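A structural walkthrough
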Amino acid sequence: MILHQPDLAELPVLRAVERAAGEAFRPLGMDWVADDEPASVAELMRHREAGRLLAAYAEAAPGGGPVGYLVWEPVDGCLHVEQVSVHPDHARRGVGRALIDRAETEWPEAAALTLTTFAEVPWNAPYYERIGFRVLADDELTPGLREIRAEEARRGLDRRPRVCMRRAAPTR
């Protein structure tokens with residue numbers, strides 16, 4: 001697997017990856033997640049220009065385009081995973097974990113990695129726990145995480161239980 005910042009021409013492909021990954025929510029009755037509009041090309045471009053966008057490429061993938069991607073933002077001294085999506089044709093092959101692990105190296109001064117996710121979706125909170133994240137109690141939420149959760153609630157993402165999670169940065 002190859003990980004690097006995507007080319008500008010690949011940004012629309014990242015949107016297609018997110019749409020394809022979202023289809024897994026339909027059998028759970030979460031069509032509203034599958035139908036959620038991915039980040040625009042302009043938004044992805046801003047993340048790319050800030051150095052906060054990584055794409056994964058399967059070496060043997062036809063056409064060599066991205067099969068997954070990750071966007072992160074600095075939030076309260078932590079690297080916050082804003083979005084990670086993997087095309088279902090490449091799911092369960094370590095792509096998401098590789099992207100998260102690589103993002104961690106992109107900002108070595110981060111105190112930890114954080115993210116928000118659905119508590120009961122198997123490839124969400126239970127998966128992140130398996131790769132070292134832990135669920136944060138309400139009194140552990142930083143101001144930035146509280147703001148993110150409030151925005152998610154405004155967008156309707158709290159129709160199903162959501163949690164904030166954190167993984168300590170490796171000792172350097």
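Scroll up to find the structure.
Residues numbered from 1 in each chain as written. Predicted model: local features only at pLDDT ≥ 70, side-chain atom pairs only at ≥ 80, totals over all residues. Heavy atoms only, no water.

Here the focus is the packing of aromatic side chains. Each aromatic ring pair is characterised by the separation of its centres together with the angle its planes make. Counted under the stated rule, the structure contains six aromatic pairs. Between the aromatic rings of W32 and F118, the centroid separation amounts to 5.9 Å while the plane-to-plane angle is 75°, which identifies the pairing as edge-to-face. Here the residue W32 occupies a position in helix 2 (residues 31-34), and F118 occupies one in strand 5 (residues 112-118), the gap between them amounting to 86 residues. Residue class for F118 comes out buried when judged on its relative accessible area of 5%. The rings of F25, W32, F118 and W123 are connected pair by pair, giving a single aromatic cluster. Directly above the ring of W72 sits R52, whose terminal nitrogen or CZ lies 5.5 Å from the centroid. One residue, R162, lies across the ring of F118, its end atom 4.4 Å from the ring centre. (Phe/Tyr/Trp six-rings, centres within 6.5 Å; stacked < 30°, edge-to-face > 60°. Helix = DSSP H or I, 4+ residues; strand = E, 2+ residues; numbered from the N terminus. Buried < 20%, exposed > 50% of the residue type's maximum accessible area, 1.4 Å probe, protein only. Lys NZ or Arg CZ within 6 Å of the ring centre and 35° of its normal.)

For the rest of this paragraph, the subject is the pattern of salt bridges. On inspection of all chains with the given rule, the structure shows 15 salt bridges. Close ionic contact of E104 with R167 constitutes a salt bridge, the shortest N to O distance being 3.3 Å. Residue E104 is found in helix 4 (residues 95-106), and its partner R167 is found in strand 7 (residues 162-168); the two are separated by 63 residues along the sequence. Two residues, E140 and R134, come together in a salt bridge whose shortest N-O distance is 2.8 Å. A relative accessible area of 33% places E140 in the partly exposed class. Take R134: its relative accessible area is 40%, and that puts it in the partly exposed class. Each of E23, R26, D31 and D35 takes part in salt bridges that share partners, so that together they form one network. (Salt bridge = Lys/Arg side-chain N within 4 Å of Asp/Glu carboxyl O.)

Let us look at the nonpolar core. Core analysis: the biggest nonpolar cluster contains 23 residues, and L70, L79, L99, I100, Y128, F133 and M165 have the highest contact counts within it. Put simply, the parts of the chain that give this core at least two residues each are strand 2 (53-57), strand 3 (66-75), strand 4 (78-86), helix 4, strand 5, helix 5 (125-130) and strand 7. Ranked by residues supplied to this core, first place goes to helix 4 with four residues. Apart from residues lying up to four places away in sequence, M165 is in contact with L113, T114, L115, T117, A125, Y128, E129, F133, R134, V135 and L136. Core analysis: the second largest hydrophobic core is formed by nine residues, L11, L44, A55 and Y57 among them. (Core = buried A, V, L, I, M, F, W, Y, C linked by side-chain atoms within 4.5 Å. Contact = heavy atoms within 4.5 Å.)

All right, on to the packing of helix 1 (residues 11-22) against helix 3 (residues 41-49) then. As a packed pair, helix 1 and helix 3 sit with axes 9 Å apart at the nearest point and diverge in direction by 110°. Classified by the angle their axes make, helix 1 and helix 3 are roughly perpendicular. The crossing of helix 1 and helix 3 is right-handed. Two secondary-structure elements touch here, helix 1 through L11, P12, L14 and R15 and helix 3 through V41, L44, M45 and R48. Its residues assigned to classes, the contact of helix 1 with helix 3 shows six nonpolar, no polar and two charged. (Axes fitted to C-alpha atoms, helices over the stretch in contact; angles between N-to-C directions. Parallel < 35°, antiparallel > 145°, perpendicular 65-115°, else oblique. Left-handed = near helix turned anticlockwise from the far one by under 90°. Nonpolar A, V, L, I, M, F, W, Y, C, P; charged D, E, K, R; others polar.)

Further remarks concern the sheet that holds strand 1 (residues 2-4). A sheet is described by the order of its strands in space; here seven strands give the open sequence 1-2-3-4-5-7-6, paired in mixed fashion. The sheet terminates laterally at strand 1 and strand 6 (134-135), the two strands that pair on one side only. As paired strands, strand 5 and strand 7 are joined by seven bridges and run antiparallel to one another. By the bridge assignment, F118 is partnered in strand 7 with R162. The strands touched by helix 1 are strand 2, strand 3 and strand 4; relative to strand 3, the strand with the most contacts, the crossing angle is about 95°. (Pairing = 2+ DSSP bridges.)

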